[in-house]
Amino acid sequence: MGHHSRRDSVAGNPPSSSSSSAFSPSDHHHHHHNSHGYDLSWPFSKLDNLDREDIRETAYEVFFTACRSSPGFGGKNALTFYSSDHADGGAGGLGTVAARANGVGMAPTSRMKRALGLKALKRSPTRRSLSGGVGGGGSNPSSPSAALGSGSPRFGFTVPAARTRRPLTSAEIMRQQMRVTEQSDNRLRKTLMRSLVGQLGRRAETIILPLELLRHLKPSEFNDAHEYHLWQKRQIKILEAGLIDHPSIPLEKSNTFVMRLREIIRASESKPIDTGKNSETLRALCNSVVSLSWRTPNGAPAEVCHWADGFPLNLHLYLALLQSIFDIKEETMVLDEVDELLELMKKTWSTLGITKQFHNLCFTWVLFYQYVSTGQTESDLLCAAFAMLADVGNDAKRPDRDPNYLKFLSSVLASMQSWSEKRLLNYHEYFNKGIVGLMENLLPLALSATKILDEDVTATVLAEQEREEPTVDVDHAGNRVDYFIRSSTRNAFTKMIEQGNFSSMNVLDEEEATEALLQVAKETEDLAVKEKETFSPILKRWHPIAAGVASVTLHQCYGALLKQYLAGMSTLTSDTIGVLQRAGKLEKILVQMVVEDSVDCEDGGKAIVREMVPYEVDSVIYHLLQKWIEERLKAVKECLDKAKENETWNPKSKTDPYAQSGVELMKLAKETVDDFFEIPIGISDDLVQNLAERLEAIFQDYTTFVASCGTKQSYVPQLPPLTRCNRDSKFIKLWKRATPTCSVPIEGIQQSATNEGHHPRPSTSRGTQRLYIRLNTLHYLLSHLHSLDKILSLSPRIVPSSTRNQLRSSSRRQLGTSSAYFDLARLSIQTAAQHVSEVAAYRLIFLDSNSVFYDCLYVDDVANARIRPALRLLKQNLTLMGAILTDRAQALAIKEVMKASFEAYLMVLLAGGSCRVFCKSDHEMIEEDFDSLKRVFATCGEGLIAEDVVEREAETVEGVVALMGQSTEQLMEDFSILACEASGIGAVGAGHKLPMPPTTGRWNRADPNTILRVLCYRNDRAANLFLKRTFQLAKRR
């Protein structure tokens, strides 16, 4: 809009010297508002095609026209004002009244300013006076003429030399305040005199001012054609705005006058329209304007014309007038003549369609806007705006409210509320220690605006407005202040975090994060103290526990940061403990502030305290310890899983005959327990119990893995079918000796294909040796469990748990009289050791020693297949076993070997297959061989197996050997009796057969199946006939 600046220079408008002089209703959003950064939204809608100079100049023209009959505006007996030096010789306020007889006079001080609490102007006594006549004033630098640029060629008239001083009239004050040049003012005066000759009593609201000016002002009265064109375009744009864009009475879409007026407006853009007496364009313009201005809603005759009373044009014009009450040089000050000026402005109401309600609303806005636009330095303006809000509130409650009034009331209050609350929601930022008192003035204004909005503006109107920032529904002022405190405190905390670069807590390493949290705790404490000392005394007028609310908010903010910090901690450290302890200290301080601040509350502050979700430092430490335990046990569990995949059961070294996995497992467990008690806090007993239980579960899992080595039954040969012996010929015996074919399959075991006869194997197999390593590993675990138990039980760091946990812990640990932590694991290891010993023993006897024991002992005949070779190999294997097994493992292992040997010996006697037969005469040799076998175990090591244990385990075998020394007849008789008793039939009568006794595998001399097997292997005729006749057993082949 370059032509506007051109017009300024031509018209002689002075340059803007202040923000208030740049007040712009029309382009508020686009120029004035954003460029000055007031962040105060313009509530009166926007006017297209009109700038601030257009509005200001038109407003002055309307004002002057409305006041033309008043003193000083062309009427008789101009009202004058004398400076205070003329009145009382003092240096106080300006503009005292010289005489009241010639019009509306003014009190020595303004009633309006006194009511609103505004200060009087303090300036030189010559401020409101002119030198010389009405057109003078050029030589006095403090005169308004000088302020308007006196001596400039723009004015087109010369200023005579100063002669005498006289006070300014209201018209001159208004012209000066509105920045209207004397040239423009003179043109206006002359035009009104020409156009309204003889119509001095004509009401202003019946005058279509722009049309009158267009008709009577000619290009010759301007400096050049361009200046005239700009002036004419302004008048036409005003008519367009008032009659077409913003009419007070809605237009029909097809109004012919509107279309004609638009054509004229478009034509005026490029060149001035002809306004001569015979101009058809002027005639059409007058016809259209008059027709549109004198319309009525119902077609009745109109009493006033409507060209400047449409919204929001009328409000923009009236606001431009109201803005003139602020002194040009001291823009934070209201003129002492404000009462007179406002009284004069009231004359424009009928033209502009302004009511008392709109005046109060606009005046409130102007005071508030001036406070904002002048840098918020004059709190009196803010107080005055608040005082005017009382009138606005009363107006808002009137039942006869205009819909337009409700609309702009909502918009104005929303703008004031939004600006105020932006600062109150962040008062720590906007009100530092030096200006904190301003908050005391802004707060009641914001609350009052909110109250009027909530109580008096309908929800429909609110919904139609575009609010920059949504308001939070509140019940009363206390709730709103509560919201301000929480928001500002939260914002202050956030700013503190950002300034300290703590906002990216998740990207800091653990040490940096720890230092950050400790620093934030200190600054949070300082912020709480500042709040209590600086802001709370003010806020307490509206909120009884202002400091308490701030403390609660800070508690929540730091709690959120603490939670974020803890979420990023991978493990519990002394640094973490330090942060938690500092948090606990901060929490106590904040809680104390809340308690002190709420001592006078009805509930004693219970409600506000309930908002403080405790940091529960002890609980957090407990859970962090749980997490620490979880992570450490995860490493132990990984060791277990790795063992399951990779363990080969080879000894760690010659001096450490244990599995590597077992050593690593116990090492990790020991480190976990040691590190657990290094944590610098008291450890509760239930945590110790939890750690022990989790470790115990891992030990049991590992024990199960160690014991996963098969079963002893997998090494025991299947029982051959029962057959009866027949006495072979000498030839058959010789053939069997040459080709022994004793074939007894062993389930699941790959046997040697060659029969080595009487040449025993020299050593134990690798698989059996690995079983010994398993056994050593189990005993290694058992010994270290005792060490761990001792550490856990006797640590001085353990503190008592709650009663419930103590009872739970007590019930968990009371297995018998033991108070150890690992009783279940110990029991599992002992069971596993028993199982592995059995499997190792059966493997050694039935697999490793099979070729000289079960496969060869007593094959064909007893005399030539005695037990001596098997005993030699057994001793070798027992020696190797002693070398591999640890001392703790040997006794059980050897005992299991003894039991396996006795089982194998019984298998030879009772299930030896078709290659073995026995005679009653073999009893002595068999008995002798078994005594030799017993002697091997009785003399093994240094009392590893007590002699009575050997004898007890040998009782079953000796009973079976004794059966082999009995006669066939005795055996048949005993069998018959025992078989009948076992089957429950008592005795066998004539024609009945003896029942076949089941095979239980539990050999015993009183077991009928055992006696039956002795008979099956008895090589005599009587036994053969008995078995054939009783059970039809087949002969051996």
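Since the model is a prediction, treat every value here as computed from it, not as a measurement.

**As for the overall build of the protein**
Helix and strand content of the protein: 40 helices and six strands. For the protein, the residues scored as buried account for 53% of the 1037 residues in total. Across the protein, every contact between residues at least 6 apart in sequence was considered, and the portion connecting residues at least 24 apart equals 78%. Just so you have it, the protein exposes about 46200 Å², and 52% of that area is on carbon and sulfur atoms.

**Observations concerning a negative patch on the surface**
Together, Asp 509, Glu 511, Glu 512, Glu 515 and Asp 575 give the surface a local cluster of negative charge. Top element by residues in the negative patch is helix α23 (residues 510-539). It accounts for three residues. One can find Asp 575 in helix α25 (residues 574-597).

**A few points about the confidence of the model for the protein**
Mean pLDDT over the protein stands at 80; residues scoring 70 or higher make up 79%. When the criterion is pLDDT under 50, residues 459-463 qualifies, and its contacts beyond four places in sequence or with other chains add up to seven contacts. With pLDDT under 50 throughout, residues 807-818 is counted as low confidence; its partners more than four residues away or in other chains account for 18 contacts.

**Considering the packing of helix α34 (residues 868-884) against helix α36 (residues 923-938)**
Where α34 contacts α36, the axes come no closer than 11 Å and their chain directions differ by 15°. Taken together, the axis directions place α34 and α36 in an arrangement best described as roughly parallel. Where α34 crosses over α36, the two elements pack in a sense that is right-handed. For the pair α34 and α36, contact is made by Leu 871, Leu 874, Lys 875 and Leu 878 and by Ser 932, Leu 933, Val 936 and Phe 937, respectively. Here the contact of α34 with α36 is composed, by residue class, of six nonpolar, one polar and one charged.

**Some remarks on the side chain of Thr 206**
Tracing the backbone through its elements, the reader meets Thr 206 in the loop between α8 (182-195) and α9 (209-216). Judged by its relative accessible area of 11%, Thr 206 falls in the buried class.

**Quick notes on the packing of aromatic side chains**
The final tally for this structure, using the stated rule, is 33 aromatic pairs. Ring centres 6.3 Å apart and planes at 85° place the aromatic pair Tyr 371 and Trp 419 in the edge-to-face group. Placement of Tyr 371 in helix α16 (residues 356-373) and of Trp 419 in helix α18 (residues 403-424) is noted, with a sequence separation of 48 residues between them. As far as burial versus exposure is concerned, Tyr 371 and Trp 419 are alike and both buried. By way of ring pairs, the aromatic residues Trp 42, Phe 44, Phe 311, Phe 358, Trp 365, Phe 368, Tyr 369, Tyr 371, Tyr 405, Phe 408 and Trp 419 are connected into one cluster.

**Here's the deal with the pattern of salt bridges**
Pairs can form between side chains of opposite charge whenever their charged atoms are close. In the structure shown here, the tally under the stated rule is 43 salt bridges. Across the salt bridge formed by Asp 39 and Lys 422, the nearest N and O atoms sit 2.8 Å from each other. Here Lys 422 lies in helix α18 and Asp 39 lies in the loop between α2 (28-36) and α3 (52-66), a separation of 383 residues in the sequence. Among the salt bridges present, the one from Arg 826 reaches Asp 789, with a minimum N-O distance of 3.2 Å. Here Asp 789 lies in helix α31 (residues 766-794) and Arg 826 lies in helix α33 (residues 823-848), a separation of 37 residues in the sequence. In terms of burial, Arg 826 and Asp 789 fall into one category: buried. In the salt-bridge network here, residues are joined through shared partners; they are Asp 931, Lys 934, Glu 951 and Glu 958.

Rules and cut-offs
Residues numbered from 1 in each chain as written. Predicted model: local features only at pLDDT ≥ 70, side-chain atom pairs only at ≥ 80, totals over all residues. Heavy atoms only, no water. Helix = DSSP H or I, 4+ residues; strand = E, 2+ residues; numbered from the N terminus. Buried < 20%, exposed > 50% of the residue type's maximum accessible area, 1.4 Å probe, protein only. Contact = heavy atoms within 4.5 Å. Areas by Shrake-Rupley, 256 points an atom, 1.4 Å probe, with all protein chains shown as cover. Patch = residues over 30% accessible without salt bridge, like charges linked within 9 Å, V, L, I, M, F, W, Y side chains within 5 Å. Salt bridge = Lys/Arg side-chain N within 4 Å of Asp/Glu carboxyl O. Lys, Arg positive; Asp, Glu negative; His and termini not counted. Charge placed at Lys NZ, Arg CZ, Asp CG, Glu CD. pLDDT = per-residue confidence, 0-100. Axes fitted to C-alpha atoms, helices over the stretch in contact; angles between N-to-C directions. Parallel < 35°, antiparallel > 145°, perpendicular 65-115°, else oblique. Left-handed = near helix turned anticlockwise from the far one by under 90°. Nonpolar A, V, L, I, M, F, W, Y, C, P; charged D, E, K, R; others polar. Phe/Tyr/Trp six-rings, centres within 6.5 Å; stacked < 30°, edge-to-face > 60°.

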